[in-house]
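# Residue-level structural notes
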Amino acid sequence: MSRSLRIRVLGAGVAGLAASIALAADGHDVELIDEHFEVPSVGTALGMFRSAQQVLRRLEVLDAVREVSAAPRSGSLRGIDGRVIVTVPAGDTLLVARSDLVRILQEAVPGTVRTSSRRVDDVRPLREDADLLLGADGVHSLVRRSGWPGAVARSHGLTVLRGTADIEPPEVTETWGGGWLVGITPLAGTEGAGTNWFACVPEHRTSSVTEDLAHLRAVIGDRRGPIGALLEAVRPETTLVHGIHTAPPVLPVRQDVALLGDAAHAMAPHLGHGANTALEDADALAAALRDRGSVPAALRTYARRRAPVDQAWRLGSAAMMSLAMADERAGLRDRVLRGFARLSPL
């Protein structure tokens, strides 16, 4: 597209920041709007796979991300009995703290992007005198709820606890129990090395993170030494507690509005692809606007390229969540998975 567009982006998370950088680099007039522009206070890790790293390279921030990332060689999946089901190589995957990724992207936003810190309760004024509105405002997206009536996020009745601990990772694993899971990975970053961890249990949240951690310890107990060591080291001030909500299936474009990231396809965290698809959405939208002669044509191209991929990840993540959180048939699940693992060339 030869002419410069006036584009408003609502939401300054990974998707909104990446889109603002890419669109401004192409000469568009970009306004980025967010209520807080905050860097997450707890730096839990995100896996950056090859496709996301290619986007980071095009945004010219990959080297900065690598400097604060961990790169494990492999990781293991363990079953309810604690035995290894399968060990898989990590390839070139990077683990970067969400706080570091957001900070790096914030610093990369060019000065030509106008930033506006304000609360938005009505998206209609944002469409006035703009060629395009991008909804990058998360799982409970106001843009999606306004333009796609009834497209509200769904709760899955699960609680996620995640955080960091000031210990060397006792292992690199994800353990699937009977109705619970615990993951342990390395963490690198500006705050120093340590352990990134996450856990999922049936819905149980209180007003106290200390009580939520006590409940987690009661549910899981000292199943194995590494998990016990982790649970001994975790602290409320470096722990986040939240539910799992996912977006309904929607086509991410309508008139002069497009959805990116969680606003378009918020998924369960069990495949670790939320941030990756957010980056890929931003990259694909910028490329579509670059290659097509009109906004409607570009949005059709964007939807055609991203909707099938993003919805496949959303469905796959939901299936993985159901498998990982199996309760009564956890033993059968593990036996079946071990059988498949024996047939795998990994």
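The rules behind the values
Along each chain, the written sequence defines residue order, and numbers are assigned to residues from 1. Only residues with pLDDT of 70 or above have their local features reported here, since the model is predicted, and side-chain atom pairs are shown and tallied only from 80 upward, although totals for entire chains, interfaces and linings are computed over all residues. Side-chain metrics rest on all non-hydrogen atoms present in the structure, leaving aside hydrogens and water. Working convention: axes come from line fits to C-alpha atoms, limited for helices to the stretch in contact. Angles between N-to-C directions cover 0 to 180 degrees. Think of it this way: any DSSP run of H or I at least four residues long counts as a helix, any run of E at least two long counts as a strand, and we number them from the N terminus. Each angle is binned into one of four classes, with values under 35 degrees roughly parallel, values over 145 roughly antiparallel, values of 65 to 115 roughly perpendicular, and all other values oblique. The handedness criterion is simple: a crossing whose near helix is rotated anticlockwise from the far helix by less than a right angle is left-handed, and one whose near helix is rotated clockwise is right-handed. We call two residues in contact whenever any of their non-hydrogen atoms come within 4.5 Å of each other. Think of a salt bridge as a Lys or Arg side-chain nitrogen and an Asp or Glu carboxyl oxygen that are within 4 Å of each other. Burial here depends on accessible area, computed with a 1.4 Å probe over protein chains only, as a share of the maximum for the residue type. Under 20% is buried, over 50% is exposed, and the range in between is partly exposed. Strands are treated as partners if at least two bridges between them are detected by DSSP. UniProt positions are given in the numbering used here, feature names are shortened, and annotations may be inferred rather than shown by experiment. Residue count minus one, scaled by 1.5 Å, sets the expected span of a helix. Under the grouping applied here, Gly and all other residues not named as nonpolar or charged are polar, the nonpolar ones being Ala, Val, Leu, Ile, Met, Phe, Trp, Tyr, Cys and Pro and the charged ones Asp, Glu, Lys and Arg.

### Points about the packing of helix 1 (residues 14–25) against helix 4 (residues 98–108)
Two elements in contact, helix 1 and helix 4, have axes whose closest approach is 9 Å; the angle formed by their N-to-C orientations is 25 degrees. Considering the angle they form, helix 1 stands roughly parallel to helix 4. The handedness of the crossing between helix 1 and helix 4 is left-handed. Within the contact between the two elements, helix 1 uses Val14, Leu17 and Ile21 and helix 4 uses Leu101, Val102, Leu105, Gln106 and Ala108.

### Remarks on the pattern of salt bridges
Across all of its chains, the model carries 27 salt bridges by this definition. The partner of Arg119 in a salt bridge is Glu35, with the nearest N and O atoms 3.7 Å apart. Residue Arg119 is found in the loop between strand 8 (114–117) and helix 5 (124–127), and its partner Glu35 is found in the loop between strand 2 (29–34) and strand 3 (45–48); the two are separated by 84 residues along the sequence. Residue Arg119 is classed as exposed on the basis of its relative accessible area of 57%.

### Let's talk about the sheet that holds strand 6 (residues 84–89)
Taken in spatial order, the seven strands line up as 6-5-11-12-13-10-14 in an open sheet, and their pairing is mixed. The strands lining the two open edges of the sheet, one partner per strand, are strand 6 and strand 14 (239–246). Strand-to-strand twist across the sheet, computed as the mean angle between neighbouring axes with direction ignored, equals 15 degrees. Against the sheet, helix 7 (residues 209–220) makes contact with strand 10 (154–165), strand 12 (181–187), strand 13 (194–202) and strand 14, and its axis sits at roughly 75 degrees relative to strand 13, the strand it touches most. Against the sheet, helix 8 (residues 225–233) touches strand 10, strand 11 (173–176), strand 12 and strand 13, its axis set at about 75 degrees to strand 12.

### As for the UniProt feature "domain: FAD-binding" (unreviewed entry) in the chain
UniProt tags residues 257–312 as "domain: FAD-binding" (unreviewed entry). Structurally, residues 257–312 is divided into 71% helix and 5% strand, and its ends, taken at the C-alpha atoms, are 22 Å apart.

### Here we look at the pairing of strand 5 (residues 74–78)
Of all five residues in strand 5, four are buried; the element is thus mostly enclosed. Sheet topology note: the strand 5/strand 6 ladder contains five bridges and is antiparallel. Across the sheet, Arg78 pairs through a bridge with Val84, a residue of strand 6. Between strand 5 and strand 6, which pair antiparallel one after the other, the connecting turn spans five residues, and Gly82 there sits at a positive phi close to 90 degrees. Where strand 5 lies against strand 11, three bridges are found, and the strand directions are parallel. Each residue of the ladder has a partner; that of Ser76, found in strand 11, is Thr173.

### A closer look at the pairing of strand 10
Where strand 10 and strand 14 come together, seven bridges link them in antiparallel fashion. If you follow Leu161 over to strand 14, its bridge partner there is Val241. With eight bridges joining them, strand 10 and strand 13 adopt antiparallel strand pairing. The partner of Leu161 across the bridge, within strand 13, is Ala199.

### Looking at the environment of Thr112
Among the structural elements, Thr112 can be located in the loop between helix 4 and strand 8. Those residues in contact with Thr112 that lie beyond four places of it in its chain are Ala24 and Val30.

### Description of helix 1
Compared with the 16 Å implied by 1.5 Å per residue over 12 residues, the 17 Å span of helix 1 between its first and last C-alpha is a close match. Across the 12 residues that make up helix 1, a large majority, 11, are buried. All buried positions along helix 1 are accounted for by Val14, Ala15, Gly16, Leu17, Ala18, Ala19, Ser20, Ile21, Ala22, Leu23 and Ala24. Where helix 1 is buried, its residues touch strand 1 (6–10), strand 2, helix 4, strand 9 (132–135) and helix 10 (274–291). Two residues or fewer after helix 1 comes Gly27, characterised by a positive phi angle close to 90 degrees.

### Observations regarding the packing of helix 2 (residues 50–58) against helix 10
The contact between helix 2 and helix 10 brings their axes to 9 Å, and the two run at 45 degrees. For the element pair helix 2 / helix 10, the angle class is oblique. Seen along the crossing, helix 2 lies across helix 10 with a hand that is left-handed. Two secondary-structure elements touch here, helix 2 through Ser51, Ala52, Val55, Leu56 and Arg58 and helix 10 through Asn276, Leu279, Glu280 and Asp283. When its residues are assigned to classes, the contact of helix 2 with helix 10 shows four nonpolar, two polar and three charged.

### Notes on the environment of Leu285
Residue placement: Leu285 occurs in helix 10. Between the C-alpha atom of Leu285 and that of Ala19, which follows or precedes it by 266 residues, the distance is 7.8 Å. Once you skip the residues sitting within four places of it in the chain, Leu285 turns out to touch Leu134, Leu260, Leu299 and Tyr302.

### Structural notes on the sheet that holds strand 1
Spatially, the six strands line up as an open sheet ordered 8-2-1-9-16-15, and their pairing is mixed. Each end of this open sheet is capped by a strand with a single partner; those strands are strand 8 and strand 15 (253–254). Across two bridges, strand 15 lies against strand 16 (residues 257–259) in antiparallel orientation. Of the residues in strand 16, the one forming a bridge with Arg254 is Val257. Across the sheet, helix 1 lies against strand 1, strand 2 and strand 9, angled at about 165 degrees from strand 2, the strand it touches most.

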